Amino acid sequence: MTGTAGATATRDEEAPKRSPPCSPSYDLTGKVMLLGDSGVGKTCFLIQFKDGAFLSGTFIATVGIDFRNKLVTVDGMRVKLQIWDTAGQERFRSVTHAYYRDAQALLLLYDITNKASFDNIRAWLTEIHEYAQRDVVIMLLGNKADMSSERVIRSEDGETLAREYGVPFLETSAKTGMNVELAFLAIAK
Ligand SMILES: Nc1nc2c(ncn2[C@@H]2O[C@H](COP(=O)(O)OP(=O)(O)OP(=O)(O)O)[C@@H](O)[C@H]2O)c(=O)[nH]1
């Protein structure tokens, strides 16, 4: 787990009048959760956003839940995003359910090369409606868009499903970084 310092302290005796003793380095905070089947690329998506890097090679499934912070600027406001990376595997579901209600935004991922991950989106949305806040912001993401030769889910299919549930949709790539920042900034708004 990593964290971004939330506040910078000023020593009172040195500058009592010039600045407050504790001035936060951000204006707002927001909790975002990454959801979707195991292997769709949630951890890579988060690492790409946080560090601008892609972890290729061995796939290490997330155990339970993990989080990272990142500061972003939206409409001139500094927003500290606390991003929760959940395990997609069924056996961790009861652990992750407990965190849904604290999330203000959810990024729901499927893998454009994996039909089952797309078919399961409806089940994910049912879980979200059961456990998350009613006004949670949801965005559907078709990840691994760089793997065009292995694509089995057309962009139009993602768009149609998103429209049916009234949520925004983007295709992304945690490998190339395509639309990764855009997705986080869109939900941070
Ligand atoms: N080509 C390509 N591969 C990706 C992309 N995103 C993830 N991968 C690969 O897909 C595999 C799974 O990625 P993870 O990020 O670990 O998947 P996850 O959704 O976090 O999986 P769980 O932790 O089990 O829920 C890894 O081998 C990644 O290298 C992408 O956008 N493009």
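About the criteria used
- Residues numbered from 1 in each chain as written.
- Predicted model: local features only at pLDDT ≥ 70, side-chain atom pairs only at ≥ 80, totals over all residues.
- Heavy atoms only, no water.
- UniProt positions renumbered as here; feature names shortened; annotations may be inferred.
- Near = heavy atom within 4 Å.
- Areas by Shrake-Rupley, 256 points an atom, 1.4 Å probe, with all protein chains shown as cover.
- Helix = DSSP H or I, 4+ residues; strand = E, 2+ residues; numbered from the N terminus.
- Nonpolar A, V, L, I, M, F, W, Y, C, P; charged D, E, K, R; others polar.
- Salt bridge = Lys/Arg side-chain N within 4 Å of Asp/Glu carboxyl O.
- Buried < 20%, exposed > 50% of the residue type's maximum accessible area, 1.4 Å probe, protein only.
- Axes fitted to C-alpha atoms, helices over the stretch in contact; angles between N-to-C directions.
- Parallel < 35°, antiparallel > 145°, perpendicular 65-115°, else oblique.
- Contact = heavy atoms within 4.5 Å.
- Phe/Tyr/Trp six-rings, centres within 6.5 Å; stacked < 30°, edge-to-face > 60°.

- As named in an unreviewed UniProt entry, the protein chain is small monomeric GTPase, taken from Callithrix jacchus.
- What the UniProt record of the protein chain gives under Cofactor (unreviewed entry) is the line "Mg(2+)".

1. Considering the site of the ligand
Next, step 1: In the vicinity of the ligand, 25 residues are found, and the nearest of them are S38, K42, T62, G88 and D146.
Next, step 2: Coverage of the ligand by the protein chains reaches 91% of its 660 Å² of free accessible surface.
Next, step 3: In terms of residues, the shell around the ligand owes the most to one element, helix α1 (residues 42-51), which gives three residues.
Next, step 4: Classifying every residue of the shell around the ligand by side-chain character gives nine nonpolar, 11 polar and five charged.

2. Quick look at the pattern of salt bridges
Close approach of charged atoms lets side chains of opposite charge pair.
Next, step 1: Overall, the coordinates contain 10 salt bridges when judged by the stated rule.
Next, step 2: Across the pair K189 and D75 runs a salt bridge, and its minimum N-O distance is 3.4 Å. Here D75 lies in the loop between β4 (65-74) and β5 (77-86) and K189 lies in the segment after α6 (180-188), a separation of 114 residues in the sequence.
Next, step 3: With relative accessibility at 64%, the residue D75 sits in the exposed group.
Next, step 4: Between K144 and D111 there is a salt bridge, with its nearest N and O atoms 3.3 Å apart. A residue pair is termed long-range when its members are at least 10 positions apart, and K144 in the loop between β7 (137-143) and α5 (155-165) and D111 in strand β6 (residues 105-111) qualify at 33 residues.
Next, step 5: Assessed through its relative accessible area of 5%, D111 is described here as buried.
Next, step 6: The network of salt bridges with shared partners includes E90, R93 and E127.

3. Digging into the packing of α1 against α6
Next, step 1: For the pair α1 and α6, the least separation of the axes is 9 Å and the interaxial angle reads 85°. On the basis of the axis angle, α1 is roughly perpendicular to α6. Contacts between α1 and α6 involve F45, Q48 and F49 from the former and V180, E181, A183 and F184 from the latter.
Next, step 2: Of the residues belonging to the contact of α1 with α6, the class tally is five nonpolar, one polar and one charged.

4. Concerning the packing of aromatic side chains
Next, step 1: Using the criterion set out here, one finds seven aromatic pairs in the structure.
Next, step 2: Considering the side-chain rings of W84 and Y99, the 5.0 Å spacing of their centres and the 40° angle between planes classify their relative orientation as tilted. Of the two residues, W84 sits in strand β5 while Y99 sits in helix α2 (residues 93-100), which places them 15 residues apart along the sequence.
Next, step 3: For W84, a relative accessible area of 15% puts it in the buried group.

5. Regarding the environment of I112
Next, step 1: Structurally, the position occupied by I112 is in the loop between β6 and α3 (115-119).
Next, step 2: Of the residues examined, I112 reaches a relative accessible area of 0% and is grouped as buried.
Next, step 3: Taking the C-alpha atoms as reference points, I112 and R151, separated by 39 residues in sequence, lie 5.5 Å from one another.
Next, step 4: For I112, the contacting residues outside a window of four places in its chain are G142, N143, K144, A145, M147, E150, R151, V152, I153 and E171.

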